[in-house]
Amino acid sequence: MQRTRLNTLVEQVGRRFSQWVFNPWRRISLAVISLLFGNFFATAIAATAGQTAEVDIVIAAILVAMVELISWVHHRSRAQDQRTVLPEMLNSFKLGMVYGLFVEAFKLGS
């Protein structure tokens with residue numbers, strides 16, 4: 001790849017972000033934010049998909065595929081001993097989404 005200004009800028013921003021995230025408290029805060037965003041996403045999906053009740057099966061299939069893909073990415077990165085933030089954030093998002101869908105199911109069941 002050529003050493004352009006844009007390429008150098010992107011590399012520097014990525015390097016600074018990885019140094020910023022190296023702090024454990026910042027990593028935990030990003031994980032908590034991802035968890036809460038996953039919970040919000042699940043609530044939003046359940047509310048919008050439940051309005052028309054026409055595409056529930058398609059949305060459920062998409063969510064299951066997304067959960068499996070995130071699990072695959074997370075476990076593959078752990079097997080290769082990569083200490084990156086993205087798989088951890090995606091896994092936190094997935095956990096928040098699954099928790100949010102369970103909460104929505106309990107709300108509908110009561």
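The rules we used
- Residues numbered from 1 in each chain as written.
- Predicted model: local features only at pLDDT ≥ 70, side-chain atom pairs only at ≥ 80, totals over all residues.
- Heavy atoms only, no water.
- Helix = DSSP H or I, 4+ residues; strand = E, 2+ residues; numbered from the N terminus.
- Rg over C-alpha atoms; globule rule 2.2 N^0.38 Å.
- Contact = heavy atoms within 4.5 Å.
- Expected span 1.5 Å × (residues − 1).
- Buried < 20%, exposed > 50% of the residue type's maximum accessible area, 1.4 Å probe, protein only.
- Polar contact = N/O pair within 3.5 Å; in protein donor to acceptor, adjacent residues only side chain to side chain.
- Phe/Tyr/Trp six-rings, centres within 6.5 Å; stacked < 30°, edge-to-face > 60°.
- Patch = residues over 30% accessible without salt bridge, like charges linked within 9 Å, V, L, I, M, F, W, Y side chains within 5 Å.
- Areas by Shrake-Rupley, 256 points an atom, 1.4 Å probe, with all protein chains shown as cover.
- Salt bridge = Lys/Arg side-chain N within 4 Å of Asp/Glu carboxyl O.
- Lys, Arg positive; Asp, Glu negative; His and termini not counted.

Draft legend 1. Representation of the overall build of the protein chain. Helix and strand counts for the protein chain stand at 4 helices and 0 strands. Mapped from its N terminus to its C terminus, the protein chain presents α and β elements in the order α-α-α-α. Taken against the 2.2 N^0.38 rule, which gives 13 Å for 110 residues, the C-alpha radius of gyration of the protein chain at 18 Å runs more than 25% over that of a compact globule. Taking contacts inside the protein chain between residues at least 6 apart in sequence as the whole, the part at least 24 apart equals 65%.

Draft legend 2. Spotlight on helix H3 (residues 56-79). When the terminal C-alpha atoms of H3 are compared, their 34 Å separation across 24 residues agrees well with the 34 Å that a helix rising 1.5 Å per residue should span. Buried residues of H3: Leu-63, Val-67, Ile-70, Ser-71, His-74 and Ser-77, and no others. Looking at the buried positions of H3, the neighbouring elements they touch are helix H2 (24-52) and helix H4 (85-109).

Draft legend 3. Focus on the side chain of Ser-77. As for its position among the elements, Ser-77 is in helix H3. Using a relative accessible area of 7% as the deciding quantity, one classes Ser-77 as buried. A distance of 2.8 Å separates a polar side-chain atom of Ser-77 from the backbone oxygen of His-74.

Draft legend 4. Structural context of the packing of aromatic side chains. The full count for this structure, using the stated rule, is 4 aromatic pairs. A ring pair is formed by Phe-37 and Phe-93, whose centres lie 5.7 Å apart and whose planes are at 35°; its orientation type is tilted. Of this pair, Phe-37 sits in helix H2 while Phe-93 sits in helix H4, and the two are 56 residues apart along the sequence. Phe-93 sits in the buried class, given a relative accessible area of 12%. Clustering of aromatic rings is evident, with ring pairs tying together Phe-37, Phe-40, Phe-41 and Phe-93.

Draft legend 5. View of a nonpolar patch on the surface. A surface patch of nonpolar side chains, about 400 Å² in accessible area, is lined by Leu-6, Leu-9, Val-10 and Val-13. Residue placement: Leu-9 occurs in helix H1 (residues 5-21).

Draft legend 6. Structural view of the pattern of salt bridges. Taken as a whole, this structure holds 3 salt bridges when the rule is applied. The residue Glu-104 makes a salt bridge to Lys-107 at a minimum N-O spacing of 2.9 Å. On the criterion of helical spacing, the pair formed by Glu-104 and Lys-107 is a turn pair, its members being 3 residues apart in helix H4. Judged by relative accessible area, which is 14%, Glu-104 ranks as buried.

Draft legend 7. Seen up close, the side chain of Lys-94. You can see Lys-94 is positioned in helix H4. Buried within the structure, Lys-94 lacks any salt-bridge partner; its nearest side chain of opposite charge belongs to Glu-68, at an N-O separation of 7.6 Å. Of note is the side chain of Lys-94, whose polar atom sits 2.8 Å from the side chain of Ser-71.

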